[in-house]
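Coordinate analysis (summary)
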Amino acid sequence: MFSKIIDFCKKQPVLIVATIAMIITCIFVHVDSEYLDYFNFRTLATLFCTLEVVNAFSHIHMFEKISRSIVARFHNLRKVTLALVFITYLGSMFLANDMALLTFLPLGYFVLQRTNHKEAMSFTFIMQNIAANLGGMVTPFGNPQNLYLYSYYNISNMDFIKIMLPSFLMATVLIFIVCLFVKPIPLEIKDYIVYPFRRRRTYAYSFLFICSLLIVFRFIPCLAGTIAITITLFFLDKDAIKEVNYPLLLTFCVFFVFSGNMARLPAINSFFSEILPKNTLLYGILSCQFISNVPTAVLLSHFTTDYKSLLPAVNIGGCGTIIASLASLITFSEYKKANAGKISLYLIKFSLLNFGFVIILYFLQYLIIN
């Protein structure tokens, strides 16, 4: 039992640290009826629905088939890298950044291992990570913090796109340029597994995925939609529900309590109320580097109505340190599985590339806002 607890703590460091921080804040802010107001249930419901539907898709190998058919069209390392990175980039717009990485990082590992180019894995994984964090910025459901702020401030769809489009376009150009530095070494990919196309399941899961998106856009009631999707999957694929990343959902709940308590502490309230009006964009990005982008979005939303600065801040701020986003921790964890002895070099490359993107995108967004 003790070894299982230790193993769980190693796999979920953010959850453990966040839980400890939450417990500390609970000492100063005693549990009361206001705790219920901390939780954004639409965000939690949408995440849950997306996770279970994506699991169902993965069980019929849908993402593998789509991804491999695209990659099979390219024949050198530069083109394959671009394909992997932009598959992740596009995927994050619809699957959310975490799920895009969990779906497409294994593909990157498969391609580079089978073509004997594992030395390119650190760069490819890092760029996939950046692509996942920045690609999802243009849709409300692309990043978890977007879901929260979209609901919290009741942002219209057009307003959301207007705010995020400039940074999104610049990120697209930057990612493409950086990937061009990969040498066009010829590749040959072998030993693909051919999976049968399960037509009825594919149509059913596609319908459920569309329903998940309609919950995000408020066309379907949150509670009714979640129950309907879950019951349908219970009969079609129970494992899709069992394999939902519940620690991720729990992490969100912990962050909600932590940030809610922080907002009620007079010293914290005074500090953020004073500095945020000076430069919401900058302080939002800096906060992400220390407490991650999702808790930053939840915490700072209590102190500012300037969502036009906070929204790009928590998206751009997802790049930077290894703890700036949950997506970065997912990528780091996957990389460690494949390259246990090359961690320090990975972290150096990760920091250089990520902070390069943060600096460029910050100055671009700052010019737009001002």
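Refer to the structure printed above.
Description of the structure in this document. A quick note: this is a predicted structure, and the numbers were derived from the prediction, not measured.

1. Description of a nonpolar patch on the surface
On the surface, Val-173, Phe-176, Ile-177, Leu-180 and Phe-181 cluster together into a nonpolar patch covering about 490 Å² of accessible area. One can find Phe-176 in helix α9 (residues 157-179).

2. Structural notes on the side chain of Asn-76
On the secondary structure map, Asn-76 appears in the loop between α4 (62-71) and α5 (77-95). Residue classification places Asn-76 among the buried residues on the basis of a relative accessible area of 13%. At a separation of 2.9 Å, a polar atom in the side chain of Asn-76 contacts the main-chain amide nitrogen of Lys-79. Beyond its immediate stretch of four places on either side in the chain, Asn-76 contacts Pro-184, Ile-185, Pro-186 and Leu-187.

3. Focus: the nonpolar core
In terms of nonpolar packing, the biggest core is built from 121 residues, with Tyr-89, Leu-134 and Ile-175 touching the most fellow members. Not counting the four nearest positions on each side in its chain, Tyr-89 is found in contact with Ala-131, Leu-134, Gly-135, Phe-168, Ala-171, Thr-172 and Ile-175.

4. Some details on the packing of helix α3 (residues 41-59) against helix α11 (residues 222-236)
Axis separation between α3 and α11 bottoms out at 10 Å; the angle between their running directions is 20 degrees. As summarised for this structure, α3 and α11 are arranged roughly parallel, according to the angle between their axes. Here α3 runs over α11; the crossing is left-handed. Contacts from Phe-41, Arg-42, Ala-45, Phe-48, Cys-49, Glu-52, Val-53 and Ala-56 of α3 reach α11 at Cys-222, Thr-226, Ile-229, Thr-230 and Leu-233.

5. Examining the packing of aromatic side chains
Scanning the entire structure with this criterion turns up 22 aromatic pairs. Between Phe-48 and Tyr-246, the aromatic rings sit 6.2 Å apart at their centres with planes inclined by 40 degrees, giving tilted as the arrangement. Of this pair, Phe-48 sits in helix α3 while Tyr-246 sits in helix α13 (residues 246-264), placing them 198 residues apart in sequence. The exposure class assigned to Phe-48 is buried, which follows from its relative accessible area of 14%. A relative accessible area of 36% places Tyr-246 in the partly exposed class. With 5.0 Å between their ring centres and 85 degrees between their planes, Tyr-152 and Tyr-153 make a pair best called edge-to-face. Residue classification places Tyr-152 among the partly exposed positions, given a relative accessible area of 37%.

6. Topic: empty space enclosed by the protein
A complete count under the given rule lists 3 cavities of 30 Å³ or more for this structure. By volume, the largest cavity is sized at about 70 Å³. Looking at the largest cavity, the residues that line it are Thr-46, Leu-47, Thr-50, Phe-94, Leu-95, Ala-96, Phe-141, Asn-143, Pro-144, Leu-147 and Leu-213. Only α3, α5 and α8 (144-152) provide two or more residues apiece to the lining of the largest cavity. Ranked by residues supplied to the lining of the largest cavity, first place goes to α3 with 3 residues. Class assignment of the residues belonging to the lining of the largest cavity gives a composition of 8 nonpolar, 3 polar and no charged.

7. As for unusual backbone geometry
Of note, Asn-154 is a non-glycine position whose phi angle comes to about 55 degrees, a positive value. Mapped onto the elements of the fold, Asn-154 is located in the loop between α8 and α9. Given a relative accessible area of 55%, Asn-154 falls into the exposed group.

8. Examining the layout of surface pockets
As a volume, the largest pocket reaches approximately 670 Å³. Every residue lining the largest pocket is counted, 21 residues in all, and those nearest its centre are Lys-11, Gln-12, Leu-329, Ile-330 and Ser-333. Broken down by secondary-structure element, the contributors of at least two residues to the lining of the largest pocket are α1 (2-11), α2 (13-28), α6 (97-114), α13 and α18 (326-338). Among the elements that take part in the lining of the largest pocket, α18 stands out by supplying 8 residues, more than any other. When its residues are assigned to classes, the lining of the largest pocket shows 11 nonpolar, 4 polar and 6 charged.

Each value, and the rule that gives it
- Residues numbered from 1 in each chain as written.
- Predicted model: local features only at pLDDT ≥ 70, side-chain atom pairs only at ≥ 80, totals over all residues.
- Heavy atoms only, no water.
- Patch = residues over 30% accessible without salt bridge, like charges linked within 9 Å, V, L, I, M, F, W, Y side chains within 5 Å.
- Areas by Shrake-Rupley, 256 points an atom, 1.4 Å probe, with all protein chains shown as cover.
- Salt bridge = Lys/Arg side-chain N within 4 Å of Asp/Glu carboxyl O.
- Helix = DSSP H or I, 4+ residues; strand = E, 2+ residues; numbered from the N terminus.
- Buried < 20%, exposed > 50% of the residue type's maximum accessible area, 1.4 Å probe, protein only.
- Polar contact = N/O pair within 3.5 Å; in protein donor to acceptor, adjacent residues only side chain to side chain.
- Contact = heavy atoms within 4.5 Å.
- Core = buried A, V, L, I, M, F, W, Y, C linked by side-chain atoms within 4.5 Å.
- Axes fitted to C-alpha atoms, helices over the stretch in contact; angles between N-to-C directions.
- Parallel < 35°, antiparallel > 145°, perpendicular 65-115°, else oblique.
- Left-handed = near helix turned anticlockwise from the far one by under 90°.
- Phe/Tyr/Trp six-rings, centres within 6.5 Å; stacked < 30°, edge-to-face > 60°.
- 1 Å grid on protein atoms, 1.4 Å probe; cavity = no way out; pocket = protein on both sides within 12 Å on 5 of 7 lines; lining within 4 Å.
- Points joined across faces, edges and corners; volume = space filled by probe spheres on them.
- Nonpolar A, V, L, I, M, F, W, Y, C, P; charged D, E, K, R; others polar.

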